[in-house]
Amino acid sequence: MPGVQAGPGHTHQTLPISGRAVVGTSPWGPADEIGRLNLMSAQTQQQLMARIDPRKVYDLSVDYFIGMPGWHAAGDPRYQIWMTHTPNGTKVDDPLGVGDRQNDHVSYTGTAFSMYSHTGTHIDALNHFGLNGKIWNNFDAKTHLGDRGWTKTGAETIPPIVARGLLLDIPAAKGLDMLPDGYRITKADIQATLIHQNVQLELGDVVLIRTGRMKEFSQAEKYMQNSPGLGIEAARYLVEEGGAMVLGADNLSFEAFPSEVEGNYVPVHTYLLAQQGAFILELVNLEELAADRIYEFAFIGASLKLKGADGSPMRPIAFPIHPTAPAR
């Protein structure tokens, strides 16, 4: 029966459900800054890439545009883009001092943009959320956070991710186009979807969860309002039993609200990032994969090397993979 197949060498920390949570200590040593991304290896990546079907590439990122969904309700800046140079403006201002003749001949266009680091399709670095002043592997804000960002686990430390990807289309398994507002995805939902799709979880997977909310992305307020998301029980199952390395979803908040854990308004984020060293992807566009029923694929993505940052935009892609040949 399809389900969990974490395999040997499965590394995770089994954490108590109750009690005051503390950050996780890395099994990869006191200097570790990449958590469960240590599960990647050249051998597994070579085996994966040997199985890809290169005839179609799936772009899992969203467009950036003024008015797009974002965390401005929490006081973070909206995405903005503006022109710094236009062909006619360059003729008028001649900023490079080259004269009318060259400005008539050479059309110069330039833009600038600004945004919160968790805008659009992005990855959360392990310093994004912590517990009691510490982040993953006991790095301490008093020691490792300066005026220019974290000196540990910044976005620049995240290696390119090349791993098996697994799409879990939760609404499709329920016969829906989209999960209802505020729906909290459970362990039972994950298990039912694995069976429905006839797939298994494997150690080191990038597990991407479709809620269907991406269908509303062009309508920012509707997309952001009361989104469905992952519950803590489901997150624990995917990591502790399923062996997931990275979790992602197509919504803004990843987890569902209100919180299930008293005294912690983002328990899924702190569980994954601070306690397990598991990275989170948000606003991942899964609609094309879901439409084509591509459930297993090679996931390839990299963050921008923003030194000390707590997250970074990324443009992940997916290649379908051929099924593993049956053992003889």
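Further up the page is the structure itself.
The text that follows walks through the structure, step by step, so that each part is easy to find. Going along each chain's sequence as written, the residues are numbered from 1 onward. Selection of residues for local features in this predicted model requires a pLDDT of at least 70, selection of side-chain atom pairs for listing and counting requires 80 or more, and totals for whole chains, interfaces and linings are taken over all residues. Hydrogens are left out, water is left out, and the side-chain values use all remaining heavy atoms of the structure.

## Quick notes on the pairing of strand 17 (residues 296-301)
When DSSP finds two or more bridges between a pair of strands, those strands are recorded as paired. The way it works is that DSSP assigns letters per residue, a run of H or I at least four long becomes a helix, a run of E at least two long becomes a strand, and they are numbered from the N terminus. Relative to strand 17, strand 10 (residues 161-169) runs antiparallel, the two sharing six bridges. Within strand 17, the residue paired with L166 across the bridge is E296. The sheet contact formed by strand 17 and strand 19 (residues 317-320) spans four bridges and is antiparallel. Residue A298 lies in a different strand from strand 19, and its bridge partner there is F319.

## A short note on the sheet that holds strand 17
Spatial strand order, 2-19-17-10-13-15-16-5-18: nine strands in an open sheet with mixed pairing. Across the chains shown, the open sheet's two edge strands, defined by having one partner strand only, are strand 2 (58-59) and strand 18 (311-313). One ladder, built from five bridges, connects strand 10 with strand 13 (residues 206-210); its direction is parallel. Across the sheet, the residue bridging to L166 is V207, located in strand 13. Working rule for contacts: check all heavy atoms of both residues, and any pair within 4.5 Å makes them a contact. To define axes, lines are fitted to C-alpha atoms, for helices over the stretch in contact only, and angles between the resulting N-to-C directions are given on a 0 to 180 degree scale. The sheet strands contacting helix 1 (residues 42-49) are strand 10 and strand 17, and the helix crosses strand 10 at an angle near 60°.

## What about unusual backbone geometry?
Among all residues save glycine, negative phi is the norm, and among peptide bonds the norm is trans. Of note, the bond from F257 into P258 is cis; its omega dihedral lies within 30 degrees of zero at 5°. Residue placement: P258 occurs in the loop between strand 15 (246-249) and helix 9 (267-276). At N226, a position not held by glycine, the phi torsion is positive, near 50°. Considering the arrangement of structural elements, one finds N226 in the loop between helix 7 (220-224) and strand 14 (229-230).

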